[in-house]
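The primary structure of each chain is shown beneath.
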Amino acid sequence: MSQLSLPEQIPGSPGICLLRDIMIPMRDGVLLATDIYFPERDESQYQDSFPVLMERTPYDKSGISPREVSIWEPSPMSRPELATRMTKAGFVVIFQDCRGRYRSGGHFTKYIDEGNDGLDTLNWLKQQRWFNGWLGMFGLSYGAHTQLALACYGPPELKALVLDCGGFANAYRGGIRRGGAFELKQATWAFKNAQLSQAVLENSAAKDALSQQDIRAWFSKMPWSRGQSPLQWAPEYETYLFDQWEQGTFDARWRQIGLYAEGYYDKLASMNLLFLCGWYDPYIQSTIQNFMGARSHGANDVRVILGPWTHGARSYPIVGDVDCGAAATLEYLTQMDYTDLRLNWFKAHAFEQPTKTLPQIQYFRMGGGDGHKTADGHRFHGGQWLVSNSWPPEHISITPWYFHSEGVLSKGKPVHQGTNLWFEFDPTSPVPTIGGSLTSGLPVFEAGAFDQVEDIEFFGSTRPGRALKDRDDVLSFSSEPFTTAVELTGPIKAILYVSSSAVDTDFTVKLIDEMPPNRDYPKGYAMNLTDGILRCRYRESFEAPSFMTAGQVYKIEVEIFPTSNLFLAGSRIRIDISSSNFPHFDVNSNTGDPEGPWVRWEKATNRLWCCDEYPSAVMLPMAVVKDPEQ
């Protein structure tokens, strides 16, 4: 067993054995705690070699994995239980605590050590005579980030990956920042996970101080500064958070392996990659970009499944306040649970076994339901699975829809001269986040689809019952009601002509399915589908920010995350434009001060131009659907 003692048998799992807490050395001497599971054999049989499946995780290699569930087994599996199922399929299974987490040594700096540590672990693995040279990796979220970080080195032993809701294509454009703004899920994640770090658990004063903090109260008194944040008692976590927050310019720090797979897609050429993600997940853009990048660079076998889910919730048809129906689950689509789906993928490529073949692209088109309120209080939106070999799907056309001064959204260009609409943006009173592509935000904010109306459950709501479109700092535009069903599936961007009284400000764009009143929803229902943001100092370049001149009109492009939705007859497309979406994103001070802990703020008068000279528009991927049931 090359360097290792004989394993222990796992109680209750006959035939499965465990090498527990093997401390694998990294290049800098740090030791990473690793558990290795494999079929029981006597000592003479350890000459056998096996393919290996590995997950590298910051969430405890031997703990419960909350998303290891199915509709048939709703209680989460532990990683040892998952290892048992995978090992019985013929694999050695490895779980490893990431650097600085749980039983591993070293200092935790989120994301940036995962490439090197994964490579060092693989180099150790190559020295073990029970490794046959075939490695597969799996993992959700951070576990997907660790996979893609190693894959960017292109190791020939890494043959197959299942990347679920993660793997940064470009963390600057989605996952840490978007459009130059900072995603505050990084703060809520750091606050929660700092409390589980060894440094805090071993320091009773820090542990008590963190446990007594009200994170919602902290979000009410931004901006924070180093040493004056909810993470002040966990300096390791506060440091990396503020480093991310303050690195507003897209430079070499953002092009590191672990943050920037789009610079390394050529390294994926020999690999087989299965991607999964949901429309209300912060990694939906990364997932599609990685899928397209890997496929265009000649990866062996590349597939993607795009559901209506929030982060990792592939077995739940409920997204926020909306029910997409029983068909919305992964199990309905594949007739397999999540573990069998992964094993199906790995066995196909490790053992060349005949397995169920997946289409290139499977996506869930939301919509088609009658909009009634279900027994558990959700709006029934419905939806169905579709397949495609291209993205966007073959039948989709990109169509410009123009903004008009009367609050109208239409395919016709505006004809008036010099027309603009304006609002005052006050950084101390931002537009509250009501759902969206989020994760790790509780108890401050929540992912999913919701009626776009302020409510006490949404942080920052000041007038419960007020529709967001009725706020003074929101410009809202709606199409005429559709007379037939229309599908919207694919990438979206807004091309806006804007001006401001400030040297820097943000513009946000939100796409909404505005559905007509019915018996259960007499005021109608405005369901958020997707959104985007741009910090205007980055309007020309993320690498070289430049400030605005007051009153000058600028053309900007706002990247909006992809989605798929069926607009039924009677529904409208609605686009809301503002300058904040908090606490999803940090708030712009409008002063041009360095990002992160700004200390002063100014109100800004922001204008959207919608005239013949400056025809602001949103580019929508659409197709008429003659029979919504097909």
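Model, not experiment: these values are computed from the prediction.

Draft legend 1. Spotlight on the overall build of the chain. Scanning the chain for helices and strands turns up 11 helices and 27 strands. For 630 residues, the compact-globule formula gives about 25 Å, and the C-alpha radius of gyration of the chain, at 25 Å, lands near that figure. Expressed along its principal axes, the backbone C-alpha trace of the chain runs to roughly 85 × 55 × 45 Å. For the chain, the proportion of its 630 residues judged to be buried stands at 62%. Partitioning the contacts of the chain with sequence separation of at least 6, the portion at a separation of at least 24 is 74%. Within the structure as shown, the chain displays about 22,900 Å² of accessible surface, and the carbon and sulfur contribution to it stands at 50%.

Draft legend 2. Geometry of the environment of Thr-530. Examined against the element boundaries, Thr-530 turns out to sit in strand E23 (residues 525-535). For the pair Thr-530 and Pro-230, spaced 300 residues apart in sequence, the C-alpha to C-alpha distance is 30 Å. In this structure the side chain of Thr-530 is engaged in a polar contact, spanning 2.7 Å, whose partner is the backbone oxygen of Phe-561.

Draft legend 3. Quick peek at the pairing of strand E3 (residues 31-39). Counting buried residues in E3 gives 8 out of 9 residues, a clear majority hidden from the surface. With 8 bridges joining them, strand E2 (residues 16-25) and E3 adopt antiparallel strand pairing. When the bridges of E3 are listed, Leu-19 appears paired with Ile-36. The turn joining E2 and E3, which pair antiparallel and follow one another in sequence, is formed by 5 residues; a positive phi near 90° is taken by Gly-29. Taken together, the 4 bridges between E3 and strand E5 (residues 92-97) define a ladder with antiparallel strand orientation. Paired with Ile-36 across the bridge in E5 is Ile-94.

Draft legend 4. Fine view of the packing of helix H1 (residues 79-87) against helix H11 (residues 338-350). In the contact formed by H1 and H11, the axes pass within 11 Å of each other and the chain directions differ by 40°. The orientation of H1 with respect to H11, classified from their angle, is oblique. Every pair of crossing elements has a handedness; the one defined by H1 and H11 is right-handed. Each of Leu-82, Arg-85 and Met-86 in H1 lies in contact with H11, whose residues at this interface are Thr-339, Asp-340, Arg-342 and Leu-343. By residue class, the composition of the contact of H1 with H11 is 3 nonpolar, 1 polar and 3 charged.

Draft legend 5. Structural context of the confidence of the model for the chain. Of all residues in the chain, 96% have pLDDT values of 70 or greater, and the mean over the chain is 94. Predicted confidence for residues 42-46 stays below pLDDT 50, and this span has 7 contacts to residues more than four positions away or in other chains.

Draft legend 6. Structural detail: the environment of Thr-329. Looking at the element boundaries, Thr-329 is found in the loop between strand E13 (322-323) and helix H10 (330-334). Thr-329 gets classed as buried once you look at its relative accessible area, which sits at 4%. Sequence separation between Thr-329 and Ala-526 is 197 residues, and the spatial gap between their C-alpha atoms is 24 Å. With near-sequence residues (within four places) excluded, Thr-329 lies in contact with Ile-71, Trp-309, Arg-314, Ser-315, Tyr-316, Pro-317 and Trp-385. Polar side-chain contacts of Thr-329 include one of 3.1 Å to the backbone nitrogen of Tyr-332.

Draft legend 7. Helix H8 (residues 235-246), seen in detail. Its 12 residues place the ends of H8 16 Å apart at the C-alpha level, agreeing with the 16 Å of an ideal helix rising 1.5 Å per residue. Along H8, the residues that are buried comprise Glu-236, Tyr-237, Glu-238, Tyr-240, Leu-241, Phe-242, Gln-244 and Trp-245. Lining the buried residues of H8 we find strand E8 (177-178), strand E9 (181-182) and helix H4 (185-194).

Draft legend 8. Structural view of the sheet that holds strand E12 (residues 318-319). Spatially, E12-E13-E15 is the arrangement adopted by the 3 strands of the open sheet, whose pairing is mixed. Edge strands, defined here as strands with exactly one partner in the open sheet, are E12 and strand E15 (379-380). Here E13 runs beside E15; their pairing, made up of 2 bridges, is parallel. Looking at E15, one finds that Asp-323 is bridged to Phe-380.

Draft legend 9. Representation of the packing of aromatic side chains. Taken as a whole and judged by the stated rule, the model has 44 aromatic pairs. Between Phe-450 and Phe-458 the ring centres are 5.1 Å apart and the planes differ by 75°, which places this aromatic pair in the edge-to-face class. Both residues of the pair, Phe-450 and Phe-458, belong to the buried class. The rings of Tyr-59, Phe-108, Tyr-111, Tyr-142, Phe-168, Trp-189, Tyr-237, Tyr-240 and Tyr-283 are connected pair by pair, giving a single aromatic cluster. If you follow Arg-178 out to its NZ or CZ, it ends over the ring of Phe-561, 3.6 Å from the centre. Taking NZ or CZ as reference, Arg-539 lies 4.3 Å from the ring centre of Tyr-554, over its face.

Draft legend 10. Up close: helix H6 (residues 204-211). Within H6, the full set of buried residues consists of Ala-206, Ala-209 and Leu-210. All buried residues of H6 fall inside an arc of 95° around its axis, so they share one side. On the buried face of H6, the contacting elements are H4 and helix H5 (198-201). The opening residue of H6, the one whose side-chain oxygen lies 3.2 Å from the backbone nitrogen of Ala-205, is Asn-203.

Draft legend 11. Looking closely at unusual backbone geometry. Each neighbour pair has its own omega, and for Met-222 with Pro-223 the value is 10°, a cis peptide bond. Mapping Pro-223 onto the fold places it in the loop between helix H7 (215-219) and H8. Here Leu-442 and Pro-443 are connected by a cis peptide whose omega angle stands at 10°. Relative to the elements of secondary structure, Pro-443 occurs in the loop between strand E19 (420-425) and strand E20 (475-478). Even without being a glycine, Ser-440 presents a positive backbone phi close to 60°. With respect to the helices and strands, Ser-440 occurs in the loop between E19 and E20. Exposure remark for Ser-440: the relative accessible area of 31% places this residue in the partly exposed category.

Draft legend 12. Seen up close, the pattern of salt bridges. Summed over the entire model, instances satisfying the criterion amount to 37 salt bridges. In this structure, Asp-120 and Arg-27 form a salt bridge, with 2.8 Å as the shortest nitrogen-oxygen distance. Of this pair, Asp-120 sits in helix H2 (residues 114-125) while Arg-27 is found in the loop between E2 and E3, placing the two residues 93 residues apart along the sequence. You can call Arg-27 exposed: its relative accessible area is 56%. Here Asp-243 makes a salt bridge to Arg-226, at a shortest N to O gap of 2.9 Å.

Definitions and cut-offs
Residues numbered from 1 in each chain as written. Predicted model: local features only at pLDDT ≥ 70, side-chain atom pairs only at ≥ 80, totals over all residues. Heavy atoms only, no water. Helix = DSSP H or I, 4+ residues; strand = E, 2+ residues; numbered from the N terminus. Rg over C-alpha atoms; globule rule 2.2 N^0.38 Å. Buried < 20%, exposed > 50% of the residue type's maximum accessible area, 1.4 Å probe, protein only. Contact = heavy atoms within 4.5 Å. Areas by Shrake-Rupley, 256 points an atom, 1.4 Å probe, with all protein chains shown as cover. Polar contact = N/O pair within 3.5 Å; in protein donor to acceptor, adjacent residues only side chain to side chain. Pairing = 2+ DSSP bridges. Axes fitted to C-alpha atoms, helices over the stretch in contact; angles between N-to-C directions. Parallel < 35°, antiparallel > 145°, perpendicular 65-115°, else oblique. Left-handed = near helix turned anticlockwise from the far one by under 90°. Nonpolar A, V, L, I, M, F, W, Y, C, P; charged D, E, K, R; others polar. pLDDT = per-residue confidence, 0-100. Expected span 1.5 Å × (residues − 1). Phe/Tyr/Trp six-rings, centres within 6.5 Å; stacked < 30°, edge-to-face > 60°. Lys NZ or Arg CZ within 6 Å of the ring centre and 35° of its normal. Arc of directions from axis to C-beta. Salt bridge = Lys/Arg side-chain N within 4 Å of Asp/Glu carboxyl O.

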